[in-house]
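# Examination of the molecular architecture
Chain by chain, the residues:
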Amino acid sequence: MDHRSLHDHAHRIALELPFTEHCWPFGPEYDVFKVGGRIFMLTATVRGRALVNLKCDPQKSLLHQAIYRSIEPGYHMNKKHWITVVPGEDISVDLLAELIDDSWNLIVDKLSKKEQQRLRPRGFSALRDKCYRIFAPYLFSVIAVLFLHETHPQGVVNSEEEYGYRIGCLKALLHKGI
């Protein structure tokens, strides 16, 4: 994904989410997207490079950074809870949509129950979805660590080719949303 399309897709995806507010509290060079008065996405161009900052679960953040070269710790944000997506071939529209949706949900989950009910459409926060948002990041992290660091019975680490294959499998699982 290139510089222009990264921002275009990010803006379109964010504005499709319910009750998203688009504003410019830090000046015209920073597009800020809020839900319930709290920031879930910030876009900017810094030194000619497009950036999309998103709230992210800390464990998922580390996993995304390990798998995707175009996902970095949050630029001028808390590096534990924010990621920055930059243009790159490894960023697809589906991945970007998933990251933005996760960021929106993380913010809404921290609001009061009354505010959550107002912001989420009826049926949006079914028990299954809530359980998935709570437990999936941990489950996927455990699976990823075990999958990537599996060794042969003699204790020899798998080859780089095998490691690359495993990274590809993990990317496919992330896109399917396990």
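As the structure is a prediction and not an experimental result, all values here were calculated from the model. (Residues numbered from 1 in each chain as written. Predicted model: local features only at pLDDT ≥ 70, side-chain atom pairs only at ≥ 80, totals over all residues. Heavy atoms only, no water.)

## Topic: the environment of F40
Summarising the element assignment, F40 is placed in strand β3 (residues 38-46). Separated by 63 residues in sequence, F40 and S103 have C-alpha atoms that sit 5.6 Å apart. (Helix = DSSP H or I, 4+ residues; strand = E, 2+ residues; numbered from the N terminus.)

## Notes on the pairing of β3
Here strand β2 (residues 30-35) runs beside β3; their pairing, made up of six bridges, is antiparallel. Counterpart to Y30 in the pairing with β3 is A44. With six bridges connecting them, β3 and strand β4 (residues 49-55) associate as antiparallel partners. Residue pairing in the sheet places M41 in a bridge with L54 of β4. Counting the residues in the hairpin turn of β3 and β4 gives two residues, including R47, whose phi is positive at 50 degrees. (Pairing = 2+ DSSP bridges.)

## Things to note about the pattern of salt bridges
Across all of its chains, the model carries six salt bridges by this definition. Residues R12 and E16 are paired through a salt bridge, measuring 3.2 Å at the closest nitrogen-oxygen approach. Here E16 and R12 lie together in helix α1 (residues 3-16), a separation of four residues that amounts to about one turn. With a relative accessible area of 55%, E16 lands in the exposed category. The partner of R120 in a salt bridge is D109, with the nearest N and O atoms 2.5 Å apart. Of the two residues, R120 sits in the loop between α4 (113-119) and α5 (127-148) while D109 sits in helix α3 (residues 93-109), which places them eleven residues apart along the sequence. (Salt bridge = Lys/Arg side-chain N within 4 Å of Asp/Glu carboxyl O. Buried < 20%, exposed > 50% of the residue type's maximum accessible area, 1.4 Å probe, protein only.)

## Quick word on the pairing of β4
Of all seven residues making up β4, five are buried, and the element is well covered by its neighbours. Pairing geometry for β4 and strand β6 (residues 82-85), over four bridges, is antiparallel. Looking at the pairing, L54 lines up with I83 of β6.

## Here's the deal with α1
The end-to-end C-alpha separation of α1 is 21 Å, in line with the 20 Å expected for 14 residues at 1.5 Å each. S5, L6, H7, A10, H11, I13 and A14 are the residues of α1 that are buried. In this structure, the buried residues of α1 make contact with β2, β3, β4, β6 and α3. (Expected span 1.5 Å × (residues − 1). Contact = heavy atoms within 4.5 Å.)

## Description of the packing of aromatic side chains
Evaluation of the coordinates by the stated rule reveals zero aromatic pairs. Taking the ring centre of F19 as reference, the NZ or CZ of R118 above it sits at 5.2 Å. (Phe/Tyr/Trp six-rings, centres within 6.5 Å; stacked < 30°, edge-to-face > 60°. Lys NZ or Arg CZ within 6 Å of the ring centre and 35° of its normal.)

## Thoughts on the nonpolar core
Formed by 29 residues in total, the largest nonpolar core has its most connected members in F40, M41, L54, I71, V85 and I100. Secondary-structure elements contributing two or more residues to this core are α1, β2, β3, β4, α2 (58-67), β6 and α3. Here this core gets seven residues from one element, more than from any other, and that element is α3. (Core = buried A, V, L, I, M, F, W, Y, C linked by side-chain atoms within 4.5 Å.)

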